[in-house]
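Given next are the chains, with one letter for each unit.
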Amino acid sequence: MDETTCIVRNTWNFSRFYHHESCGQCSPCREGTGWLEKVLHRLEHGHGSLHDIDLLVSVAKQIEGNTICPLGEAAAWPVAAAVRHFRDEFEWHVKHPQEATRPGAVYPGKAVLA
Amino acid sequence: MAKITFDGIEVEVPDGTTILNAARTIGGGIVPPAMCYYTPLKGSGGKCRACLVRVAAGSTKDPRPMPKLVASCITPVQDGMVVENTTSEQVLNVRKGIVEMLLINHPLDCPVCDQAGECDLQNFAFEHGVSTTRYEEERRTFEKIDIGPLIQLHMTRCILCYRCVYTADQLTPERVHGVLGRGDASEIGTYIENIIDNDFSGNVIDVCPVGALTDKTWRFKQRVWFTKPVNAHRDCPKCTGNVVLWYKGKDVLRITARKNEYGEVKEWICNECRFEKKETSDWTIEGPAHIDRTSVISANHYELPVINPQIIADLPESSVRDLEQNPPLKLGN
């Protein structure tokens, strides 16, 4: 991963993994991981809105700490962290969907130096 | 014995009791809701996360708070534990989130659902949830699965509490009923569309908190709040024969097991009692079944109100005489 990686796509990929891995015993993880994946899918494909970014944080908060096993946290934290550190890139996906969904699109903003 | 403080109320319970059962010995509005825990079923609980509570102090020996909210239905008490349920803002907010999570893939077809009126999820959402949803995507749906002539399985409404799985496991000698798949694609079923053929299979209808498992002899006949529950018994060679008959006029529309105030079955009943004996002459009637005052079923007001004797003692004599002559509610017809 370098500065050309699309954070939204990457986060969506994380979510897709955890959605697939969720065992389905406890309700926050079973329903929440799928929800996160669907919202991120929407953002990545240029159909998202600015509310969706806050929705992601809120859903992640509803999952973390309330599940039986740590898979819930593992699914929620990358999403919450991505929004916390790269909110501008999420907003770019919402405001410029055509640019952002072009194949090989790279976010033109400054790279975040940790 | 362990002494715990639950929402500021001290209670002493035997060692090994769960926090939820300790709260139930206090009773009232402070009892955490439970969607998957079911006292008669071994191993149930811990799945729905509706009963999460905050443990502010673990025990007398180690008074540190627990880092995460714990499921009260499976966490045993320890001496000196301090538990917060309704007094904790965090718990109430988390519970709102749980309602939202349970409802996002629930069809919300209460107007056509036979469980409406006695649905645990309906009560839970009404008491603890918010009235709006933020979920915009398509809800999960399933084809109806045929599991026999008596029970209807409608997976779309299922909240995967696993109660029916434990019931089928613990009441029947061989396992025919379980969860297939995983994650949000998991579904309750018999592999593959086997008919559940057992004398006690009807009990899965009673334990289901939602309308996923319903009685085929009762489906779409009547709304539950238009029927009148009456306690009755009969001599049954297979079960205790203590049931509730649900009357509409003179017809027995449905027979269920008796439930306690938390919706838990007191005694399992057999399929013969449940599905076949639908005549008043089959039963010895005991009297109206008690229904909680807050339940929509009690809208029929067939039961005379119990007046607090202390209130009567405080009333002037003329009012007492008046009350005796004209009781506030009369027996329904």
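Check the entry above for the structure.
Residues numbered from 1 in each chain as written. Chains lettered and ligands numbered in written order. Predicted model: local features only at pLDDT ≥ 70, side-chain atom pairs only at ≥ 80, totals over all residues. Heavy atoms only, no water.

**Q** Looking at this model, I keep getting lost on the nonpolar core. Mind explaining?
**A** Looking at soluble globular proteins, one finds that nonpolar side chains tend to be buried together. Ranked by internal contacts, the top residues of the largest apolar core, which has 64 residues, are Met35, Leu121, Phe124, Leu213 and Leu245 of chain B. Of the residues forming this core, the biggest block, six residues, is contributed by helix H2 (residues 89-104) of chain B. Excluding residues that lie within four positions of it along the chain, methionine 35 of chain B makes contacts with Cys48, Ala50, Leu102, Asp120, Leu121, Phe124, Ile159, Cys161, Arg163 and Pro209 of chain B. Listed in part, the 25 residues of the second largest apolar core include Ile7, Trp12 and Ala80 of chain A together with Ile104 of chain B. (Core = buried A, V, L, I, M, F, W, Y, C linked by side-chain atoms within 4.5 Å. Buried < 20%, exposed > 50% of the residue type's maximum accessible area, 1.4 Å probe, protein only. Helix = DSSP H or I, 4+ residues; strand = E, 2+ residues; numbered from the N terminus. Contact = heavy atoms within 4.5 Å.)

**Q** Whenever I open this one, the environment of phenylalanine 220 of chain B confuses me. Can you help?
**A** All names here are of chain B. The residue phenylalanine 220 is located in the loop between strand S10 (213-215) and strand S11 (228-233) in this model. The sequence separation of phenylalanine 220 and valine 112 amounts to 108 residues, and the corresponding C-alpha distance is 7.9 Å. Excluding anything up to four places from it in sequence, phenylalanine 220 contacts Val112 and Asp114.

**Q** Explain the sheet that holds strand S3 (residues 52-57) of chain B here, please?
**A** Hydrogen bonds between backbone groups are what pair the strands of a sheet, and the pairing can be parallel or antiparallel. Residues and elements named next belong to chain B. Across the sheet, which stays open at both edges, the five strands sit in the order S2-S1-S5-S3-S4 with mixed pairing between neighbours. Taken across any chain shown, the strands that pair with only one partner, and hence form the sheet edges, are strand S2 (9-13) and strand S4 (70-71). Relative to strand S5 (residues 82-84), strand S1 (residues 2-6) is paired through two bridges, and the arrangement is parallel. Within the sheet, the bridge partner assigned to phenylalanine 6 lies in S5 and is valine 83. With respect to the sheet, helix H1 (residues 19-26) is in contact with S1, S2, S3, S4 and S5, its orientation differing from that of S2 by roughly 115°. (Pairing = 2+ DSSP bridges. Axes fitted to C-alpha atoms, helices over the stretch in contact; angles between N-to-C directions.)

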